[in-house]
Each structure stands twice: as structure tokens, then as C-alpha cells.
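# Observations on the model geometry
Listed here are the chains, written in short residue letters.
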Amino acid sequence: MMLNVTAAFSAVMNTVRDFGTEQVPFDTAVGRVLRETIYADRPFPPFNRVMMDGIAISYDSFAKGQLIFGVEDMQAAGMSRKQLGNTANCMEVMTGAVLPELTDTVIPYEHLHEDEHEGFRRFTIEKEVRQGQNIHLLGSDAPAGKALITAGTQIGAAEIAVLATVGHALVTVSKRPRVVVIATGDELVPVTTVPEAHQIRLSNLYSIGAALQGLGITAQYLHLADNAGAMETHLQELLRDTDVWICSGAVSAGKYDHLPQVLHQLGMRQIFHKVQQRPGKPFLFGVFEKGPAVFALPGNPVSGFMCYYRYVQPWLQAGMRQNAAPPLYALLGEDVLFDKPLEYYLPVKLQSLPSGQWEALPQTYHGSGDLAGLLLADAFMALPAEQEIFKKGSSFPVWRFR
Ligand SMILES: Nc1nc2c(c(=O)[nH]1)N[C@H]1C(S)=C(S)[C@@H](COP(=O)(O)OP(=O)(O)OC[C@H]3O[C@@H](n4cnc5c(N)ncnc54)[C@H](O)[C@@H]3O)O[C@H]1N2
Ligand code: MOO
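Keep in mind that what you see is a predicted model, and the values were worked out from it rather than measured.

Turning our attention to the site of ligand 1. The immediate surroundings of ligand 1 are formed by 20 residues, with Glu187, Ser203, Val251, Ser252 and Gly299 found nearest. In the environment of ligand 1, a nitrogen atom lies 3.1 Å from a nitrogen or oxygen atom belonging to the backbone of Asn204. Take Ser252: an N or O atom from its side chain is 2.8 Å from an oxygen atom of ligand 1. For ligand 1, whose accessible area on its own is 870 Å², the fraction buried by protein is 67%. Of the pockets mapped on this structure, ligand 1 occupies the second largest pocket. Classifying every residue of the shell around ligand 1 by side-chain character gives nine nonpolar, eight polar and three charged.

Shown next, in the form of C-alpha cells:
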């Protein structure tokens with residue numbers, strides 16, 4: 001029986017497996033999924049931090065009417081904390097310095113007039129002053145021990161900054177699965193070859209490989225001829241040391257579509273074959289006991305592309321224990337008619353409306369073979385199988401690929 005998209009997606013997600021963890025230097029961890037909690041090792045910021053170049057005073061002196069302050073000393077960033085000797089004076093301070101003892105207010109140079117009096121430098125305050133101004137208070141961002149980043153976060157530039165500042169030089173992240181992308185078909189020739197009239201260049205390997213690179217996964221590539229015996233031999237060799245096979249092609253009804261039968265012979269447990277969707281209907285999914293999971297995607301370029309983003313990527317992210325992204329919705333930009341009992345994944349261009357919502361503009365494309373049509377789109381909009389007329393302005397989920 002053909003599954004609907006929801007059932008097929010749950011069946012895929014039910015097989016999610018943990019790929020394990022490893023430790024890597026923090027500055028190589030961009031794009032990886034964090035597998036530990038990162039705590040503040042000290043308060044953020046770790047001292048009362050001067051926020052402007054200027055002077056630090058004791059506010060009491062200003063409150064009593066004093067406007068002119070003689071310079072007693074200088075506190076620059078990197079100096080250990082000094083103390084103001086006499087609260088009728090000021091301390092010159094630089095951004096990033098520790099606030100000197102007995103001062104509580106910082107006034108920037110722009111609000112001061114500087115002159116010299118009897119050989120001493122002094123500053124006259126020319127603007128209103130608020131007690132405590134321009135000080136980034138000790139612990140005001142986070143107390144020591146606070147959980148700053150939780151497991152499941154994908155590490156980006158902001159996380160790298162926090163890892164650096166708490167001194168977390170080695171970070172525990174998810175291992176990346178060992179993925180093989182497998183193309184099938186005698187019509188396919190290498191990219192560097194000039195194809196004969198009946199041939200085309202291999203492109204699905206590279207579109208899927210590129211999408212995987214977005215998850216930090218470098219895949220192995222393989223091209224198999226339409227020959228059941230050779231296919232079985234090659235795939236047998238891959239069984240032991242791989243976690244995921246993403247196959248492209250040879251899963252529909254053709255006389256050369258040997259892949260399903262070869263996978264069964266190798267011992268794969270089929271979980272489903274065919275989903276009520278367009279494109280991507282012939283999608284086959286299965287698992288080997290203690291071996292790889294197999295996503296056998298239809299060969300048509302748009303079909304495989306859509307199935308990758310709808311099923312394979314969420315499965316890989318869940319296996320790497322990455323927090324799931326919240327679903328994204330958009331408003332359909334024009335009326336659409338689709339009267340097949342299939343969930344329709346319509347290539348759309350997303351644009352943001354002045355209301356703050358996303359609008360999805362359907363792009364003209366000529367079916368699942370039209371890989372150049374994808375250049376104009378940046379997501380698929382999922383139009384439910386049980387409906388036929390989809391009105392402009394109605395909201396549906398979208399699956400972004402850029
Ligand atoms: N009698 C039926 N025929 C077809 C059915 C069906 O249900 N009954 N389903 C159609 C649908 S829908 C799709 S999608 C395709 C899927 O077919 P396969 O998965 O068997 O894929 P192939 O036949 O091998 O290839 C389809 C198409 O894609 C091109 N291709 C394949 N691999 C690559 C690659 N790596 N790079 C670029 N292009 C590739 C291939 O040359 C074909 O043109 O079946 C329909 N037929
Ligand atoms: O369902 Mo197929 O993926 O359109 O060509």
C-alpha cells in the first residue's frame with residue numbers, strides 16, 4: 001500500500017540512529033552539532049567593565065555640584081584594578097578597562113572639556129550625568145555557572161565566540177555519518193565528458209553531495225551501471241563501513257530498474273516503496289540490520305532533490321541530534337489547481353511581505369526532469385493531497401532549500 005507523506009516521514013524518522021560523538025578543536029566546529037552543555041566559567045562580564053573612553057568619577061562628587069575633576073591616574077584595558085585616591089579627582093579610563101575602585105560612573109570624552117591648570121590636567125563636565133552610566137556591570141549578562149549553549153545546537157559564529165571566551169578548546173560534537181551517494185544509469189557520463197546525443201552528465205550525485213556539504217558531511221560518490229550483478233557486487237562491498245546510502249534512480253517500473261531487487265537480495269528490510277507525492281512518488285526506503293539506511297530516491301533530478309530535503313536531511317539532522325527547526329509557513333502567491341490524490345511539492349520563490357509574512361510565488365517548471373527550473377525557486381510548498389483547488393493567500397508549509 002502506498003503511504004502518504006506524513007506516514008512515510010514518520011516511518012523514516014522511526015529509524016533515526018545516533019551516529020555517536022567525538023571531540024574536535026572548537027575553531028573547527030562550525031556547522032557541527034553540539035553534544036554537551038556549555039556553561040559560563042565566570043560571570044559575563046567578569047568585572048565591572050568600562051564602556052566608553054573618558055573618565056571615571058565618584059557620582060557623589062558630581063551630585064554635590066562638582067564639575068571640574070583633576071586627573072589622578074589612568075586605568076587602561078589589561079591593567080589590574082586601581083583605586084581612586086581622592087574622590088574629588090577622576091581616573092582617566094579606556095573602554096574594556098576594569099572600573100577603578102571608588103568610582104561608579106563613566107563620562108565619555110565627548111561630554112568633557114579638557115585643559116591644564118597649574119601643571120595638572122583636568123576635565124570639566126559639560127553634559128548631564130546619570131549615576132552608573134557607561135558601565136557594563138559584573139555578571140549582568142550571565143552569572144558564573146549559567147548554561148549558555150545547550151546540546152543540539154548547531155555551532156555557528158556566535159557559539160564559537162562563546163566557546164572561545166569560556167576557554168572550551170575541545171568541544172564534544174556529533175560524529176558525521178558516513179554517506180555514499182550512488183547514481184545508477186547507463187545514460188550517465190562524468191562531468192568532464194562531452195555526452196553523446198543519448199547521454200547526459202551525472203548531476204544528481206553532485207546536487208545531493210552539495211546539499212550534504214551544508215550539513216558538514218563529505219559524501220563518497222559512486223556511479224553504477226544498469227546491471228544487477230555488478231550493482232550487487234559493488235553494494236555488497238559498501239555494506240560494512242557506511243551509515244547511509246542515498247541512491248538516485250532505478251526505483252520505478254522500468255526493465256532496467258534493478259535497484260529494489262538488488263537491495264532485497266542484499267538483505268535490506270524495505271520500509272516502504274512509493275509515496276503519495278509529486279514529485280518523488282517512486283521513493284523507496286529501507287534499512288540493513290546493523291548496516292546502512294537506504295534512501296533510494298527517484299532519478300528525476302527534482303524528485304530526488306525534493307525527497308532529500310523532505311526526508312533525508314531531517315533524518316540526518318535527527319541522527320546528529322540537531323534540534324529540529326520550527327516548521328515554516330508561507331502564503332500562496334497565486335491560485336493553483338492540482339487534482340491528483342498526491343501531496344504536491346510545488347517549487348516556489350519566497351518573498352517577504354510588508355506584513356512580515358512570507359509569500360510563496362509558484363515558479364514555472366516543466367516537471368521533475370527540469371533541474372534548471374530549481375534555479376528560480378528556493379523552497380517547495382507542500383499542497384495537501386486531499387484538496388484540489390489552492391487559493392491565493394492560503395497558508396501552507398514550505399521546505400526551504402536555500
Ligand atoms: N511505468 C512507470 N514509469 C515511471 C513511473 C511509474 O510509476 N511507472 N514513475 C515515474 C516517476 S514519477 C519517476 S520520478 C521516474 C523515476 O524513475 P527512476 O527512479 O527509476 O529513475 P531513472 O529511470 O533511472 O531516471 C529517471 C530520469 O532521471 C535521470 N537521472 C537519473 N539519475 C541521474 C543523475 N545521477 N544525474 C542526472 N540525471 C539523472 C535519468 O536519465 C532519467 O531521465 O520514473 C517515472 N517512470
Ligand atoms: O514523481 Mo516523479 O518524481 O515526478 O517524476
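Within the secondary structure, Leu361 sits in strand S25 (residues 358-362). Its relative accessible area of 24% is what places Leu361 among the partly exposed residues. C-alpha separation for the pair Leu361 and Leu331, spaced 30 residues apart in sequence, amounts to 8.7 Å.

Next up on the list: the site of ligand 2. In the region of ligand 2, the neighbouring residues are Pro279, Gly280, Lys281, Asn300, Ser303 and Ser368. Between ligand 2 and Gly280, the relevant distance is 2.5 Å, taken from an oxygen atom to a main-chain nitrogen or oxygen of the residue. Note that an oxygen atom of ligand 2 is positioned 2.3 Å from one of the side-chain N or O atoms of Ser368.

A separate point is the pattern of salt bridges. A side chain of one charge can pair with a side chain of the opposite charge if their charged atoms are brought near each other. Tallying each qualifying case throughout the model produces ten salt bridges. The residue Arg121 makes a salt bridge to Glu114 at a minimum N-O spacing of 2.9 Å. With relative accessibility at 41%, the residue Glu114 sits in the partly exposed group. Of the charged contacts in the structure, one is a salt bridge between Lys349 and Asp378, with a shortest N-O distance of 3.4 Å. Here the residue Lys349 occupies a position in strand S24 (residues 343-352), and Asp378 occupies one in the loop between S25 and strand S26 (379-383), the gap between them amounting to 29 residues.

This part is about helix H1 (residues 5-13). For H1, the set of buried residues is Val5, Ala8, Ala11 and Val12. End-on view of H1: buried residues confined to an arc of 130°, all on one side of the axis. Tucked inside the fold, the buried residues of H1 contact strand S18 (269-273), strand S19 (277-278), strand S20 (284-287), strand S21 (293-297), helix H7 (301-319) and S24.

In terms of nonpolar packing, the biggest core is built from 63 residues, with Leu212, Phe295 and Tyr308 touching the most fellow members. Broken down by element, this core gets its largest block of residues, ten residues, from H7. When neighbours within four sequence positions are excluded, Leu212 is seen to be in contact with Val179, Val181, Ile217, Ala219, Ile246, Tyr308 and Leu316. Membership of the second largest hydrophobic core comes to 21 residues, among which are Val262, Met268, Val294 and Ala296.

Turning to empty space enclosed by the protein, a few remarks are in order. Scanning the entire structure with this criterion turns up one cavity of 30 Å³ or more. In this structure, the largest cavity encloses a volume near 40 Å³. Lining the largest cavity, in full, are Asn204, Ser207, Ile208, Ile246, Cys247, Ser248, Leu297, Pro298, Pro301, Gly304 and Phe305. For the lining of the largest cavity, the secondary-structure elements that each account for two or more residues are helix H4 (204-213), strand S17 (244-248) and H7. Split by residue class, the lining of the largest cavity holds seven nonpolar, four polar and no charged.

When cut into domains, the protein gives domain 1 (5-19 + 175-319), domain 2 (21-44 + 144-174), domain 3 (49-136) and domain 4 (328-400). Using C-alpha coordinates to define each centre, domain 1 is positioned 33 Å away from domain 2. Buried surface at the junction of domain 1 and domain 2, both sides included, amounts to about 510 Å², of which 34% is carbon and sulfur. The largest per-residue losses of area from domain 1 upon contact with domain 2 belong to Asp18, Lys175 and Arg176, which jointly make up 77% of the total buried on that side. Asp18 is the salt-bridge partner of Arg35, the closest N and O atoms lying 2.9 Å from each other. Each residue belonging to the side of domain 1 that touches domain 2 can be placed in one class, and the counts come to two nonpolar, one polar and three charged.

Definitions and cut-offs
Residues numbered from 1 in each chain as written. Chains lettered and ligands numbered in written order. Predicted model: local features only at pLDDT ≥ 70, side-chain atom pairs only at ≥ 80, totals over all residues. Heavy atoms only, no water. Near = heavy atom within 4 Å. Polar contact = N/O pair within 3.5 Å; in protein donor to acceptor, adjacent residues only side chain to side chain. Areas by Shrake-Rupley, 256 points an atom, 1.4 Å probe, with all protein chains shown as cover. 1 Å grid on protein atoms, 1.4 Å probe; cavity = no way out; pocket = protein on both sides within 12 Å on 5 of 7 lines; lining within 4 Å. Sits in = over half its atoms within 2 Å of the grid points. Nonpolar A, V, L, I, M, F, W, Y, C, P; charged D, E, K, R; others polar. Helix = DSSP H or I, 4+ residues; strand = E, 2+ residues; numbered from the N terminus. Buried < 20%, exposed > 50% of the residue type's maximum accessible area, 1.4 Å probe, protein only. Salt bridge = Lys/Arg side-chain N within 4 Å of Asp/Glu carboxyl O. Arc of directions from axis to C-beta. Contact = heavy atoms within 4.5 Å. Core = buried A, V, L, I, M, F, W, Y, C linked by side-chain atoms within 4.5 Å. Points joined across faces, edges and corners; volume = space filled by probe spheres on them. Domains from an automatic or database assignment. Buried area = accessible area lost by both parts, 1.4 Å probe.

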